[in-house]
Amino acid sequence: MWMRNGIQLKQTNHFRMSAKGKVHSLTVSNLSIEDTGTFMFCVERQKTSARLVVKEPPVTIVRKLQDQRVSDGAVISIECELSRHNNGTEIKPSKDLRIYAMGRKRFLQILKCNVVDSGIYTCDAGDTTTSCNVEVYERELLITQGLNDLDIQEDQNAVFICELTVEDIPGEWYKNGERIQPTSTVKIRQEGTKHFLLMCNVRPEDSGEIKFIARRVESVAYLDVEELPVNIVKPLEDKTALEMSRVILDCTVSNPRCSIRWYKGCTVILPSERFEICSEGGYRKLIIQQVALDDAGTYSVQVGEYSCSAKLTVEAQPLSVVRELVDVEVTAPDEARFECEVSAPVVRTTEWSLNGERLKSSSCIRVEKMGAVHRLILKQTSTDMSGAIEFTCGKAKSRAQLQVLSK
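Rules behind the numbers
- Residues numbered from 1 in each chain as written.
- Predicted model: local features only at pLDDT ≥ 70, side-chain atom pairs only at ≥ 80, totals over all residues.
- Heavy atoms only, no water.
- UniProt positions renumbered as here; feature names shortened; annotations may be inferred.
- Helix = DSSP H or I, 4+ residues; strand = E, 2+ residues; numbered from the N terminus.
- Rg over C-alpha atoms; globule rule 2.2 N^0.38 Å.
- Contact = heavy atoms within 4.5 Å.
- Areas by Shrake-Rupley, 256 points an atom, 1.4 Å probe, with all protein chains shown as cover.
- Lys, Arg positive; Asp, Glu negative; His and termini not counted.
- Charge placed at Lys NZ, Arg CZ, Asp CG, Glu CD.
- Pairing = 2+ DSSP bridges.
- Domains from an automatic or database assignment.
- Salt bridge = Lys/Arg side-chain N within 4 Å of Asp/Glu carboxyl O.
- Patch = residues over 30% accessible without salt bridge, like charges linked within 9 Å, V, L, I, M, F, W, Y side chains within 5 Å.
- Buried < 20%, exposed > 50% of the residue type's maximum accessible area, 1.4 Å probe, protein only.
- Phe/Tyr/Trp six-rings, centres within 6.5 Å; stacked < 30°, edge-to-face > 60°.
- Lys NZ or Arg CZ within 6 Å of the ring centre and 35° of its normal.

- As annotated in an unreviewed UniProt entry, the protein is Obscurin from Takifugu flavidus.
- Recorded under Subcellular location (unreviewed entry), the UniProt text for the protein is reproduced unchanged: "Cytoplasm".

### Digging into the overall build of the protein
Okay, step 1: Within the protein one finds zero helices and 40 strands.
Okay, step 2: For the protein, whose C-alpha radius of gyration is 52 Å, the value lies well above the compact-globule estimate of 22 Å for 407 residues.
Okay, step 3: Along the first, second and third principal axes, the C-alpha set of the protein runs to 165 × 70 × 30 Å.
Okay, step 4: For the protein, restricting intrachain contacts to residue pairs at least 6 apart in sequence, the fraction spanning at least 24 positions comes to 55%.
Okay, step 5: In the form shown here, the protein has an accessible surface area of approximately 25000 Å², with 48% of it arising from carbon and sulfur atoms.
Okay, step 6: For the protein, the separation between the mean place of its 53 positive charges and that of its 56 negative charges on side chains is 12 Å.

### A look at the sheet that holds strand S30 (residues 297–303)
Okay, step 1: Strand order in the open sheet formed by five strands is S24-S31-S30-S26-S27, with mixed pairing between adjacent strands. One side of each edge strand has no neighbouring strand; the edge strands of this open sheet are strand S24 (239–242) and strand S27 (267–268).
Okay, step 2: Pairing of S24 with strand S31 (residues 306–315), which is carried by four bridges, proceeds in the parallel orientation. Looking at S31, one finds that Lys 239 is bridged to Leu 312.

### Side note on the pairing of strand S5 (residues 37–43)
Okay, step 1: Judged from the three bridges that link them, strand S1 (residues 2–4) and S5 form a sheet pairing that is antiparallel. What sits directly across from Met 3, in S5, is Met 40.
Okay, step 2: As defined by bridge partners, S5 adjoins strand S6 (residues 46–52) across seven bridges and the pair is classed as antiparallel. Bridge pairing in S6 links Gly 37 to Leu 52.

### Section: the domain arrangement of the protein
Okay, step 1: Here the domain parsing of the protein yields domain 1 (2–52), domain 2 (61–137), domain 3 (145–226), domain 4 (232–315) and domain 5 (321–405).
Okay, step 2: Distance between the C-alpha centres of domain 2 and domain 5: 107 Å.

### So, the pattern of salt bridges
Okay, step 1: Inspection of every chain in the model, using the stated rule, returns 20 salt bridges.
Okay, step 2: The residue Glu 138 makes a salt bridge to Arg 216 at a minimum N-O spacing of 2.7 Å. Taken together, the residues Glu 138 in the loop between strand S13 (129–137) and strand S14 (143–145) and Arg 216 in the loop between strand S21 (208–214) and strand S22 (217–226) connect sequence positions 78 residues apart.
Okay, step 3: Its salt-bridge partner being Glu 154, residue Arg 257 comes within 2.4 Å of it at the nearest N-O pair. One end of the pair, Arg 257, is in the loop between strand S25 (247–253) and strand S26 (261–264); the other, Glu 154, is in the loop between strand S15 (150–153) and strand S16 (158–164), with 103 residues separating them in the sequence.
Okay, step 4: Several salt bridges share partner residues, and in doing so they unite Arg 323, Glu 339, Glu 341, Arg 366, Glu 368 and Arg 375 into one network.

### Structural notes on the pairing of S26
Okay, step 1: One ladder, built from four bridges, connects S26 with S30; its direction is antiparallel. Following the sheet pairing, Tyr 263 is matched in S30 by Ser 300.
Okay, step 2: Of the strand pairs in this sheet, S26 and S27 are connected by two bridges, and their pairing is antiparallel. Looking at the pairing, Lys 264 lines up with Thr 267 of S27.
Okay, step 3: Here S26 folds back onto S27 in antiparallel fashion, the turn holding two residues, of which Gly 265 has a positive phi close to 65 degrees.

### Here's the deal with a negative patch on the surface
Okay, step 1: A contiguous patch of negative charge on the surface is contributed by Asp 149, Asp 151, Asp 224 and Glu 226.
Okay, step 2: Structurally, Asp 149 is set in the loop between S14 and S15.
Okay, step 3: Classification of Asp 149 as exposed rests on a relative accessible area of 52%.

### Considering the packing of aromatic side chains
Okay, step 1: Going through the model one piece at a time under the given rule, you end up with four aromatic pairs.
Okay, step 2: Centroid distance Trp 352 to Phe 391: 5.0 Å. Interplanar angle 55 degrees. Geometry classified as tilted. Note that Trp 352 is positioned in strand S35 (residues 350–354) and Phe 391 in strand S39 (residues 387–393), a separation of 39 residues in sequence.
Okay, step 3: Over the ring of Tyr 137 we find Arg 69, and its NZ or CZ is 4.1 Å from the ring centre.
Okay, step 4: Residue placement shows Arg 189 over the ring face of Phe 196; its charged tip is 4.2 Å from the ring centre.

This is the structure in structure tokens:
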């Protein structure tokens, strides 16, 4: 019985046992490090043992590294073959560097190599090494399609294309000497040998020198952006509106970025609580809130050398008194108050009178208006103020009597 490290061995292709007369033999085929151990032969009460030590042969290089000369951008693949598998520490691969093993072969790959990757590369197998020289040279870079000058109108898109002889070469774009960075309206892309610059909705201030640079080659072109002609595409139109309504006067201009001025007669209209000036592209509008009778007149727009005008007619709202004045009796010099309400809060001239004589605001007379409610306050009364109080607003009128008593 044969044993190794205390474990009985069985007849296999690896362990072959034989006996010739008194001689017993054990043959171990295809030795490996794992076969190292103590072997024992036992028969009846007799036994004998011996130790087997299996040593690895030194690693030798069967196929050495070969010098290489490649162009930039290519893939460098360096390969050597060892005499046996070596479980040395393997360098971890990176984005552009792959190092791996397949059996006894060792591989190193550099993806998209550059000139800086030139140098001596060594495979260290512990017992031996092999080296090779790698030379990376620059491919000749030429421009096959240069930039072309562009003359376009504003709001159009400008496209510049430059084509090189070599793929995947980075490039930079410049305008008037300053590097162009991608934005929401400026796009830069590359497809193989072609480089593109897209400038959306250009303006006159985008005019200038456009340059593309890749390594030591460059191409230059000029961008000329013509300002859109300024004129009135759709003029103002006459309008008729009801008093206290909302009125919109509008027109359309050819250039969405041009500035315009609104006029009523010869007076410039500025934004206020009732006048709103809006701009939406080429569309311009003047909004009048709660239009009054005195807003009627001629309105015009000035755009550069062009102008247009329209007439606004404001029709008065039918007005009536919904709450009449009531007679008031006071003792001099007490305060007297009169109040009435009309059917709509229109902006219209009102008039108060006493015995046919118009009353004007003063330190002793106060006239108030709150929406559709109109109020007259006589702060100091006297007996000679007794008489008829009348309120007039257009065709709406109301009368009441004031009686001032003496103390």
